[in-house]
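Below are the chains, spelled out letter by letter.
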Amino acid sequence: MRISLIVNVLLIVLLTIFVVKVNQVTDQVEVLEQKEQVLYREFVRNQYDLLLILKSIIEEPISPLDVAVALSTNNYNLELLVNNHIDVHNELERFHYNLNPYLYHLVNNLIEGRPENFSVDELKIVIDTLTEYQKELNFNYYDHPQEIRNKINNAVEEVIVPFLESESRPF
């Protein structure tokens, strides 16, 4: 009788410990998913901000400061890709890496007083690509990180890959 009672108490203690550990792991997984979701939100928001900045460059008299802000926003997204290991399509990463020198040269030409090296038509191609990408993305801030990743990858396949393979791309 005593042995049975001791075994039952031990089983209850072990079961309680197991349930607590499972709940802790579940909570940790949820926290990681929320962090990942926040990183994806930030990445997509920065892409949208980049689009708005580039549109404003064309609509207003071009300013090196505006282009520098676009470059900074793109750099921040590259930092998110590299340092936080956001899992996106390689071609999207390539797009952002290739956009950097394009924007840098644009800023440099404007600072050095050579705006003639700036092509509004080239910039419009980039803007059109980012606009089409945003439409294809159909982003929802409340999507699960896997859904966000799938939407990004789909938008990249539909818009960014054809852009990068196009002969008319500016970079």
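Residues numbered from 1 in each chain as written. Predicted model: local features only at pLDDT ≥ 70, side-chain atom pairs only at ≥ 80, totals over all residues. Heavy atoms only, no water.

### Overview of the packing of aromatic side chains
Turning to step 1, where the next piece is worked out: Within this structure, the stated rule accounts for five aromatic pairs.
Turning to step 2, where the next piece is worked out: Between Phe95 and Phe163 the ring centres are 5.6 Å apart and the planes differ by 70°, which places this aromatic pair in the edge-to-face class. With Phe95 in helix α3 (residues 90-111) and Phe163 in helix α5 (residues 145-165), this residue pair connects regions lying 68 residues apart in the sequence. Exposure class is identical for Phe95 and Phe163. Each is buried.
Turning to step 3, where the next piece is worked out: Consider the rings of Phe95 and Phe171, whose centres lie 5.7 Å apart with planes at 55°: the pair is tilted. With Phe95 in helix α3 and Phe171 in the segment after α5, the pair connects residues that are 76 residues apart, well separated along the chain.
Turning to step 4, where the next piece is worked out: For Phe171, a relative accessible area of 16% corresponds to the buried category.
Turning to step 5, where the next piece is worked out: Members of the aromatic cluster, connected to one another through ring pairs, are Phe95, Tyr102, Phe163 and Phe171. (Phe/Tyr/Trp six-rings, centres within 6.5 Å; stacked < 30°, edge-to-face > 60°. Helix = DSSP H or I, 4+ residues; strand = E, 2+ residues; numbered from the N terminus. Buried < 20%, exposed > 50% of the residue type's maximum accessible area, 1.4 Å probe, protein only.)

### Here we look at the nonpolar core
Turning to step 1, where the next piece is worked out: Formed by 42 residues in total, the largest nonpolar core has its most connected members in Phe43, Leu54, Leu103, Tyr133 and Ile152.
Turning to step 2, where the next piece is worked out: Those elements giving two or more residues to this core turn out to be α1 (2-59), α2 (64-83), α3, α4 (120-137) and α5.
Turning to step 3, where the next piece is worked out: In contact with Leu54, not counting residues within four places along its chain, are Ala70, Leu103, Leu123, Val126, Ile127 and Leu130. (Core = buried A, V, L, I, M, F, W, Y, C linked by side-chain atoms within 4.5 Å. Contact = heavy atoms within 4.5 Å.)

### Considering α3
Turning to step 1, where the next piece is worked out: For α3, with 22 residues, the first-to-last C-alpha span of 32 Å sits near the 32 Å given by 1.5 Å per residue.
Turning to step 2, where the next piece is worked out: Among all positions in α3, only Leu92, Phe95, His96, Leu99, Asn100, Tyr102, Leu103, Leu106, Val107, Asn109 and Leu110 are buried.
Turning to step 3, where the next piece is worked out: Check the buried side of α3 and you find it contacts α1, α2, α4 and α5.
Turning to step 4, where the next piece is worked out: Phi turns positive, to about 75°, at Gly113, one or two residues after α3. (Expected span 1.5 Å × (residues − 1).)

### Brief notes about the packing of α1 against α2
Turning to step 1, where the next piece is worked out: Taken N-terminus to C-terminus, the directions of α1 and α2 make an angle of 160°; their axes are 9 Å apart at the nearest point. By the angle class used here, α1 and α2 are roughly antiparallel. The element α1 and its partner α2 pack so that their crossing is left-handed. Of the residues in α2, those in contact with Leu39, Glu42, Phe43, Asn46, Gln47, Asp49, Leu50, Ile53, Leu54 and Ile57 of α1 are Asp66, Val67, Val69, Ala70, Thr73, Asn74, Tyr76, Asn77, Leu80 and Leu81.
Turning to step 2, where the next piece is worked out: Among the residues making up the contact of α1 with α2, the classes are represented as 12 nonpolar, five polar and three charged. (Axes fitted to C-alpha atoms, helices over the stretch in contact; angles between N-to-C directions. Parallel < 35°, antiparallel > 145°, perpendicular 65-115°, else oblique. Left-handed = near helix turned anticlockwise from the far one by under 90°. Nonpolar A, V, L, I, M, F, W, Y, C, P; charged D, E, K, R; others polar.)

### Quick word on a nonpolar patch on the surface
Turning to step 1, where the next piece is worked out: Taken together, the side chains of Leu5, Val9, Val13, Leu14 and Ile17 make up a nonpolar region of the molecular surface, amounting to roughly 460 Å² of accessible area.
Turning to step 2, where the next piece is worked out: Considering the arrangement of structural elements, one finds Val9 in helix α1.
Turning to step 3, where the next piece is worked out: For Val9, a relative accessible area of 45% gives the class partly exposed. (Patch = residues over 30% accessible without salt bridge, like charges linked within 9 Å, V, L, I, M, F, W, Y side chains within 5 Å. Areas by Shrake-Rupley, 256 points an atom, 1.4 Å probe, with all protein chains shown as cover. Salt bridge = Lys/Arg side-chain N within 4 Å of Asp/Glu carboxyl O.)

### Describing the side chain of Gln37
Turning to step 1, where the next piece is worked out: One can find Gln37 in helix α1.
Turning to step 2, where the next piece is worked out: For Gln37, a relative accessible area of 13% gives the class buried.
Turning to step 3, where the next piece is worked out: Here the side chain of Gln37 touches Tyr141 through a polar contact of 3.5 Å, landing on its backbone oxygen.
Turning to step 4, where the next piece is worked out: Other than its neighbours up to four places away in sequence, Gln37 contacts Tyr141, Tyr142, Asp143, His144, Pro145 and Ile148. (Polar contact = N/O pair within 3.5 Å; in protein donor to acceptor, adjacent residues only side chain to side chain.)

### Re the packing of α2 against α3
Turning to step 1, where the next piece is worked out: Contact geometry for α2 and α3: axes closest at 9 Å, N-to-C directions at 155°. When the axes of α2 and α3 are compared, the pair comes out roughly antiparallel. Handedness of the α2/α3 crossing: left-handed. The segment α2 lies against α3, with Pro64, Val67, Ala68, Ala70, Leu71, Asn74, Asn75, Asn77, Leu78, Leu81 and Val82 engaging Glu93, His96, Tyr97, Leu99, Asn100, Leu103, Tyr104, Leu106, Val107, Leu110 and Ile111.

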